[in-house]
Amino acid sequence: MRGDLVRGHLETLVLAAVEQGAAHGYAVIEALRERSGGAFVLPEGTIYPVLHRLEEAGLLSSAWSEAAGRKRRLYSLTKMGRSELVDQRQTWKEFSRAVSSVLGGSR
Amino acid sequence: MSAHPEVANFLAVVEATVGRGRRTERLLWELEDHLLEAIDRALSNGASRDEAVRNALRAIGSPEELAGAIAREQERATPRRPMWIAGAGVALLAALITNQLAAPNDGWAMARLGLAAITLAQTALALWGPAAQAYR
C-alpha cells in the first residue's frame, strides 16, 4: 500500500495499536503489520517520531522499562487519547461509507 | 555500545543526520532496542547473524527516511506553549492600556509602562523566539 496513504492515517492506527495495553515501538509496528494482513509496511524507524508527537499532544504517555537487559520505552493511551480514538473511529466510518458509496456506484 | 558494530554504525549515522539533542538520545535508545529485538527474533528463527542484522537494518529504514519522518512530525506539532504565552501577553497588554486610559494620573503610570514593556518582550519571544521555532 502506498506510503502516503498509510501516513495519512498513521496517527489513528498507532492509537488503535496501543489500545489493548502498553506497547513499545517494535510491538506497534508488528501490530500494524499483522492486523493489516501485511498491507501496512513502512520504514519501521519512522514510527518513533509519530509516537513522540502523539505523546507531546497528550494522546499517549510513556515510561522506561527494562526487557532483555535493555532500556525500553513503553507507550500507553491516555484518557484524551482514548477519547480521540473513539472520535477518529466514528469519523473514519462516516468517511469510508461515503467513499464506498461513490466508488461502489461505478458500472 | 551495541554488540553489533553495524547497529552502532547505523545509530552514529542517524545521530549525525538528525542532530544531537535530548529527543535524539531517546530516539537512539529506542532504535537500538528495536534493532536488537528484530535481530534476536530472527536469530531464534534460525537466521544467520549477518542475515539477521542485514534484514533488521533494511526494515528500520535509512537515516534519511527517519530525518524526513521527524521533519513531518515537527511540522504537524501544535505550537501550544508559545501561543498560550502570546495570548496571555496580549490580554495583559490590553488590560494595562485600558487601566491607563481609565486612570491616567493615579501615580502608577510608570509601573504600568514597565510591566507593559516586559509583557511585550515576552509576547514577542513567544511568537518569534527560539521556543516558537523549536515547536515548528
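As shown above, the structure is provided for reference.
Residues numbered from 1 in each chain as written. Chains lettered and ligands numbered in written order. Predicted model: local features only at pLDDT ≥ 70, side-chain atom pairs only at ≥ 80, totals over all residues. Heavy atoms only, no water.

## A word on the overall build of chain B
Check the secondary structure of chain B and you find 7 helices and 0 strands. Secondary structure elements of chain B occur, N-terminal to C-terminal, as α-α-α-α-α-α-α. Looking at the 136 residues of chain B, the share that counts as buried comes to 32%. Sequence separation of at least 24 residues holds for 64% of the intrachain contacts in chain B that already meet a minimum separation of 6. Split by element, the accessible area of chain B, about 8400 Å² in all, is 62% carbon and sulfur. (Helix = DSSP H or I, 4+ residues; strand = E, 2+ residues; numbered from the N terminus. Buried < 20%, exposed > 50% of the residue type's maximum accessible area, 1.4 Å probe, protein only. Contact = heavy atoms within 4.5 Å. Areas by Shrake-Rupley, 256 points an atom, 1.4 Å probe, with all protein chains shown as cover.)

## Structural notes on the overall build of chain A
Broken down by element type, chain A carries 5 helices and 2 strands. Written out in order from the N terminus, the α and β elements of chain A read α-α-α-α-β-β-α. Referenced to the eigenvectors of the C-alpha coordinate spread, the extents of chain A come out at roughly 60 × 30 × 20 Å. For chain A, with 107 residues in total, the buried portion stands at 39%. Surface exposure of chain A reaches about 6000 Å², of which carbon and sulfur atoms provide 54%. Each charge class in chain A was averaged separately, 15 positive and 12 negative side chains, and the resulting centres sit 3 Å apart. (Lys, Arg positive; Asp, Glu negative; His and termini not counted. Charge placed at Lys NZ, Arg CZ, Asp CG, Glu CD.)

## Looking at the interface of chain B and chain A
The partner chain A presents 27 residues to the 25 residues of chain B that form the contact. Summing both sides of the interface, chain B and chain A together bury roughly 2400 Å²; the carbon and sulfur share of this comes to 51%. Considering only the surface of chain B that becomes buried against chain A, Arg26, Glu30 and His34 of chain B emerge as the three largest contributors, covering 25% of it. At the boundary of chain B with chain A, the tally comes to 8 salt bridges. Its salt-bridge partner being aspartate 33 of chain B, residue arginine 72 of chain A comes within 2.8 Å of it at the nearest N-O pair. At the junction of chain B with chain A, the criterion picks out 17 residue pairs in polar contact (both at pLDDT 80 or more). Listing elements by their share of the side of chain B that touches chain A, those giving two or more residues are helix 2 (22-44), helix 3 (49-60) and helix 4 (63-76) of chain B. (Buried area = accessible area lost by both parts, 1.4 Å probe. Salt bridge = Lys/Arg side-chain N within 4 Å of Asp/Glu carboxyl O. Polar contact = N/O pair within 3.5 Å; in protein donor to acceptor, adjacent residues only side chain to side chain.)

## Topic: the pairing of strand 1 (residues 60-67) of chain A
All names here are of chain A. Where strand 1 meets strand 2 (residues 70-77), 8 bridges bridge the pair, whose relative direction is antiparallel. Bridge pairing in strand 2 links leucine 60 to leucine 77. What sits between strand 1 and strand 2 in their antiparallel hairpin is a turn of 2 residues, with alanine 68 showing a positive phi close to 50°. (Pairing = 2+ DSSP bridges.)

## Let's talk about the nonpolar core
Residues Val14, Val28, Ile47 and Leu60 of chain A together with Phe10 and Leu31 of chain B are the most contacted members of the largest nonpolar core, which totals 38 residues. Mapped by element, the contributors of at least two residues to this core are helix 2 (10-17), helix 3 (25-35), helix 4 (47-56) and strand 2 of chain A together with helix 1 (5-18), helix 2 and helix 3 of chain B. Excluding residues that lie within four positions of it along the chain, leucine 31 of chain B makes contacts with Gly45 and Tyr48 of chain A together with Phe10, Leu11, Val14, Ile60 and Leu66 of chain B. (Core = buried A, V, L, I, M, F, W, Y, C linked by side-chain atoms within 4.5 Å.)

## Some remarks on the packing of aromatic side chains
For the structure shown, the criterion picks out 1 aromatic pair over all chains. A centroid spacing of 5.9 Å and a plane angle of 45° characterise the contact between tryptophan 92 of chain A and phenylalanine 95 of chain A, whose relative ring orientation is tilted. Taken together, the positions of tryptophan 92 of chain A and phenylalanine 95 of chain A, both in helix 5 (residues 79-103) and 3 residues apart, correspond to about one turn of that helix. Owing to a relative accessible area of 47%, phenylalanine 95 of chain A belongs among the partly exposed residues under this scheme. Its end group placed over the ring of tryptophan 64 of chain A, lysine 71 of chain A keeps NZ or CZ at 4.3 Å from the ring centre. Lying across the ring of tryptophan 29 of chain B, lysine 71 of chain A places its NZ or CZ 4.4 Å from the centre. (Phe/Tyr/Trp six-rings, centres within 6.5 Å; stacked < 30°, edge-to-face > 60°. Lys NZ or Arg CZ within 6 Å of the ring centre and 35° of its normal.)

## Thoughts on helix 3 of chain A
Restricting attention to buried positions, one finds in helix 3 of chain A the residues Gly25, Tyr26, Val28, Ile29, Glu30, Ala31 and Leu32 of chain A. Against the buried residues of helix 3 of chain A lie helix 2, helix 4 and strand 2 of chain A together with helix 2 of chain B. Phi turns positive, to about 65°, at glycine 37 of chain A, one or two residues after helix 3 of chain A.

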